[in-house]
Amino acid sequence: MNRTGFTTTIPLEILLAAGRIPVDLNNLFISGGKSLELIEAAEAEGFPRNICGWIKGIYGAVIESGIRELVAVTEGDCSNTRALMEVLSLHGITTVPFAYPHDRNPNALRDEIEKMMAHFGVDWAAVNRSGERLEAVRKKIREIDRLTWEEGLVSGEENHYFQVASSDMNGSPESFEEEIDSFLRETSSRTPYRDRIRLAYIGVPPIIDNLYPFLEEHEARIVFNETQRQFSMPYGIPDLLERYRAYTYPYDIFFRLADIKLELEKRRIDGVIHYVQSFCFRQIEDMVVRQQLSLPILTLEGDKPGPLDARTKIRIESFLELLGERI
Amino acid sequence: MRIGIDLGSRKVKFALVHEGLVVRLESFDTLSFYKRFGRMEGDDLIFDLPATGLFTAAELAACSIVATGYGRNTLNLKGVKVISEIRAHVTGAFFQTGFRDFTLLDMGGQDTKVALVRNGRLQDFVMNDKCAASSGRYLENMAAILEVELSELSSHWEDPVRLDATCGIFGESELIGQILRGHSVARLCAGVNQTLVKRVIPMLKRFPSDMIVLTGGVALDTALVRLLEVEGFSVTVPDSPQHNGAIGCAVID
C-alpha cells in the first residue's frame, strides 16, 4: 500500500510526484461514518477528554485504516500533533514532520519542502509537474467557489465539500476532477439561491455535520468558507514556494485576517460565523478576530462529531434574527 | 389579549397580557408540567392548556400564544408562534424597564445570556456554552449542600470565602472542604454568590453598558446584585425578572 496520510494541508504536489495516494486524515476521520467511535476508542486508550476531537479522531483513523506513513504538521497547526506523532510511532508508523515557519520565512519554508522532497525521493521538476496537474483541478474548484458567491448556484455545504476535499483530492486528482466536472455541468441548470442572509464561515472546518443545511433552512447561506478555500490554493500562484507562503491557514492570525477582510467585502457578507474547536489554541484567537472584524460575529464551538445541539441552534437562530434586523 | 410562554429548563413561565398590561403571571416546574400537560402528536408537542387551570376558557379563546425557550428547538409547538429566546428576553426587558441602551444579563436554570442593546436594537449577544456553572441550578445545588433555603443563600454577600473550582460538581466538594474549615454559613453563601459573579464578568465586560438589566430566576439573588455593584456595575432588576421572557413573548409586535 502506498497511501500516505497527513494531519493538515501540506504540499500535495510532493506526495503525488512520489506516486503516493494522499490521504487527508481529517477527511478520513470525519467522513468514515464512525467518527464518534474513533474518538471514544482513542479516549479509551488514554487520550485525555480535554484534547481536541480531531487529534483523537486522526489517531483512531490511522490505527483503523492501517496507514503506515504520515506527514505530521508540527508548526502552523496544532502542537498536539507532536505528541500524536510520538504515540503513533509506538505503533511502528513512520512519521515525517513538516513545519510551516510562523514568520513565513521563504528560506525556512524552502528547507522544509526540500526535506520532505528528499524523504519521498522526488526533485523539483517532478514536483512542479504535479503542481501543474493540480492547478488544472484547483482552477475548477475556484469556479465552484465563484459560482457560490457570485452566481448563487452552489450551496454552502457543496462549497465546503469540494474545497475541503481538495487537500487530498479524495486520493486521486483524476477521479476528483471527473466528480467536479459532472458537478459543474449539473449546476448550470440550477436556479440561483435567493438568500436573505449571506454568511462567512471562518476557522477550521466544522466537526458538526448539519450546520450548512440548518442555516439554509433559515434562508442564510455560507458563501465564504475561509479555511476550506485555503486548502484549494486559491490564488493560482505558479511557484510552489510562493503558493505555500500565500496559503494563509498555518501562519499568524493577522495574515489570515487580511485575506478574510478582502473576501468579506468582495462577497458582500452580512455576518460571520467563527467556528472554533473545543480545547484549540484558536479559541484564543477569537479575541483578535472580534477586535479586527466589524461585522457581527457568532462564535460557535464544537467538540465531538454529530448534529447541532439545541443550545447551538438557539444561538444560531438568534444570530440570524439579529442579522435579519440589520439588513 | 396574548399569552406568552417561556419553556425554561427548571420552570415553565406564563404571562397573560391585555392592552399593554400584565394581567397574570404563573409558573410550573418544567418536568411536572411536561408530564402532566404535554404530549407528542407526531412531531408536534401539544400542551393541554385548559387542563392547567391557569386560564379561563374565554381567555384561551381570545388569546394568541407566543412561546420561547429551551424546548422549542427539539419540539414543534402546535398552534403556537415560536420566537427565539434572545428576542423574547430583550423585548421583555424593553417592556419592563423602558430602557433603550443596556446590557441584558439573563441568568436562568441553565443558561446565562448576555446581550448588548443599543437604541432599542439587539447588537450582539453571548451565551454560556458547554458549562452551566453560572446558573440557577448551580445555586440550587449549592444551597442543598449548605442546607439552606435559596432565600438564605441569596442574602449573603459580605466577606465571601474564596471558591475556585471550575466545575459546579467539584465545587460541591470544595464547599464541603470550606465547611470543615469552620467558615460561617454566611461567608460560604457569599462565596457561592461570588463564584457566579466571577463567571459572568468576562461576558459582561465584552458588552460594556452604563446599565445592566438582570433577569431570570437568578435575578432574585439579591446578594448577586450587591456583588455586581461592588464590581462597579449598575444593575436594574425589573419587577418580574423570572417572567421576563414570558412577558416578552406576550408583548412582542
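The sections below set out a description of the structure shown in this document. (Residues numbered from 1 in each chain as written. Chains lettered and ligands numbered in written order. Predicted model: local features only at pLDDT ≥ 70, side-chain atom pairs only at ≥ 80, totals over all residues.)

1. Structural notes on the overall build of chain B
- For chain B, the count of helices and strands is ten helices and 13 strands.
- Here the C-alpha radius of gyration of chain B, 19 Å, is about what a compact globule of 253 residues would show, namely 18 Å.
- Dimensions of chain B along its principal axes, counting C-alpha atoms only, are 60 × 40 × 30 Å.
- By residue count, 45% of the 253 residues in chain B fall in the buried class.
- Long-range contacts, defined here as pairs at least 24 residues apart, represent 66% of the contacts in chain B between residues at least 6 apart. (Helix = DSSP H or I, 4+ residues; strand = E, 2+ residues; numbered from the N terminus. Rg over C-alpha atoms; globule rule 2.2 N^0.38 Å. Buried ≥ 20, exposed ≤ 12 C-beta atoms within 10 Å, placed from the backbone. Contact = placed C-beta atoms within 7 Å.)

2. Side note on the overall build of chain A
- Summing up its helical and strand segments, chain A has 15 helices and eight strands in all.
- Its C-alpha atoms give chain A a radius of gyration of 19 Å, near enough to 20 Å, the size a compact globule of 327 residues would have.
- The principal-axis extents of the C-alpha atoms in chain A amount to approximately 55 × 45 × 35 Å.
- Counting all 327 residues of chain A, 46% fall into the buried class.
- Once local pairs closer than 6 in sequence are excluded, the contacts in chain A between residues at least 24 apart make up 71%.

3. Looking at the packing of helix H4 (residues 85-97) of chain B against helix H10 (residues 244-251) of chain B
Residues and elements named next belong to chain B.
- The interhelical angle for the contact between H4 and H10, taken along N-to-C directions, is 85 degrees, at an axis separation of 7 Å. Taken as axis vectors, H4 and H10 run roughly perpendicular relative to one another. Where H4 approaches H10, its residues Glu85, Ala88, His89, Thr91, Gly92, Ala93, Phe95 and Gln96 are matched on the opposing element by Asn244, Gly245, Ile247, Gly248, Cys249 and Val251. (Axes fitted to C-alpha atoms, helices over the stretch in contact; angles between N-to-C directions. Parallel < 35°, antiparallel > 145°, perpendicular 65-115°, else oblique.)

4. What to know about the sheet that holds strand E8 (residues 297-302) of chain A
Residues and elements named next belong to chain A.
- The sheet built from four strands is open, its strands ordered E6-E5-E7-E8 with parallel pairing. Single-partner strands in this sheet number two, and they are strand E6 (220-225) and E8. Strand-to-strand twist in this sheet, taken as the mean axis angle between neighbours without regard to direction, amounts to 30 degrees.
- Summarising the sheet, strand E7 (residues 271-277) and E8 pair through six bridges and their orientation is parallel. (Pairing = 2+ DSSP bridges.)

5. A short note on the interface of chain A and chain B
- In this assembly, eleven residues from chain A lie in contact with 14 residues from chain B.
- In terms of residue count, helix H15 (residues 310-326) of chain A provides more of the side of chain A that touches chain B than any other element does, nine residues in total.
- Split into classes, the residues belonging to the side of chain A that touches chain B amount to four nonpolar, one polar and six charged. (Nonpolar A, V, L, I, M, F, W, Y, C, P; charged D, E, K, R; others polar.)

6. Thoughts on the pairing of strand E3 (residues 21-29) of chain B
- As paired strands, strand E2 (residues 11-18) of chain B and E3 of chain B are joined by eight bridges and run antiparallel to one another. Looking across to E3 of chain B, one finds that Lys13 of chain B is bridged to Ser27 of chain B.

7. Focus on the packing of helix H3 (residues 35-45) of chain A against helix H4 (residues 53-65) of chain A
All names here are of chain A.
- For the pair H3 and H4, interaxial distance at closest approach is 8 Å and the crossing angle is 95 degrees. With respect to H4, the element H3 is oriented roughly perpendicular. Here Ser35, Leu38, Ile39, Ala41, Ala42 and Glu43 of H3 lie close against H4, whose contacting residues are Gly53, Lys56, Gly57, Tyr59, Gly60, Ala61 and Glu64.
- A class-by-class count of the residues in the contact of H3 with H4 yields six nonpolar, four polar and three charged.

8. Focus: helix H13 (residues 253-266) of chain A
- Spanning 14 residues, H13 of chain A covers 20 Å between terminal C-alpha atoms, matching the ideal 20 Å at 1.5 Å per step.
- Close packing links the buried residues of H13 of chain A with strand E5 (197-203), helix H11 (226-231) and helix H14 (282-292) of chain A. (Expected span 1.5 Å × (residues − 1).)

9. Structural notes on the sheet that holds strand E3 (residues 69-75) of chain A
All names here are of chain A.
- The four strands lie next to each other as E2-E1-E3-E4, forming an open sheet whose pairing is parallel. Edge positions in the sheet fall to strand E2 (21-24) and strand E4 (94-99), since each of these pairs with one other strand and no more. Adjacent strand axes in the sheet meet at a mean angle of 25 degrees when their direction is disregarded.
- With six bridges connecting them, E3 and E4 associate as parallel partners. By the bridge assignment, Val73 is partnered in E4 with Phe98.
- Packed on one face of the sheet, helix H5 (residues 80-89) meets E3 and E4 and runs near 155 degrees to E3.
- Lying over the sheet, helix H6 (residues 106-120) contacts E3 and E4, oriented at roughly 160 degrees with respect to E4.

10. Observations concerning the pairing of strand E1 (residues 3-6) of chain A
Residues and elements named next belong to chain A.
- In this structure, E1 lies alongside E2, joined through four bridges in parallel fashion. Within E2, the residue paired with Arg3 across the bridge is Ile21.
- As for the winding sense of the linkage, the β-α-β connection from E1 through helix H1 (residues 12-17) to E2 is right-handed.
- Pairing of E1 with E3 involves two bridges; the strand directions are parallel. Note that in E3 the partner of Gly5 across the bridge is Leu70. (Right-handed = clockwise from strand over helix to strand, strands pointing away.)

11. Describing the environment of Asp309 of chain A
- Structurally, the position occupied by Asp309 of chain A is in the loop between E8 and H15.
- Judged by the 15 C-beta atoms lying within 10 Å of it, Asp309 of chain A falls in the partly exposed class.

12. Examining H4 of chain A
Residues and elements named next belong to chain A.
- The terminal C-alpha atoms of H4, which comprises 13 residues, lie 18 Å apart, in line with the 18 Å expected from a rise of 1.5 Å per residue.
- Of all 13 residues in H4, ten are buried; the element is thus mostly enclosed.
- The complete set of buried residues in H4 reads Gly53, Trp54, Ile55, Lys56, Gly57, Ile58, Tyr59, Gly60, Ala61 and Val62.
- Following H4 by one or two positions, Gly66 adopts a phi angle in the positive range, close to 80 degrees.

13. Let's talk about the nonpolar core
- Residues Leu25, Ile58, Leu199 and Ala200 of chain A together with Leu104 of chain B are the most contacted members of the largest nonpolar core, which totals 116 residues.
- The residues touching Leu25 of chain A, leaving out its near neighbours within four places in the chain, are Gly5, Phe6, Thr7, Ile58, Ala61, Val62 and Leu70 of chain A.
- Ile5, Ile65, Val66 and Val251 of chain B belong to the second-largest nonpolar core, a separate cluster that totals 21 residues. (Core = buried A, V, L, I, M, F, W, Y, C linked by C-beta atoms within 7 Å.)

14. Describing unusual backbone geometry
- Positioned with a positive phi, Met233 of chain A is a non-glycine residue whose angle comes to about 50 degrees.
- Counting through the fold element by element, Met233 of chain A comes out in the loop between H11 and helix H12 (240-246).
- You can call Met233 of chain A buried: it has 25 C-beta atoms within 10 Å.
- At Asn119 of chain B, a residue that is not glycine, the phi angle is positive and equals roughly 50 degrees.
- The residue Asn119 of chain B is located in the loop between strand E10 (112-118) and strand E11 (121-127) in this model.
- We classify Asn119 of chain B as exposed; it has 7 C-beta atoms within 10 Å.

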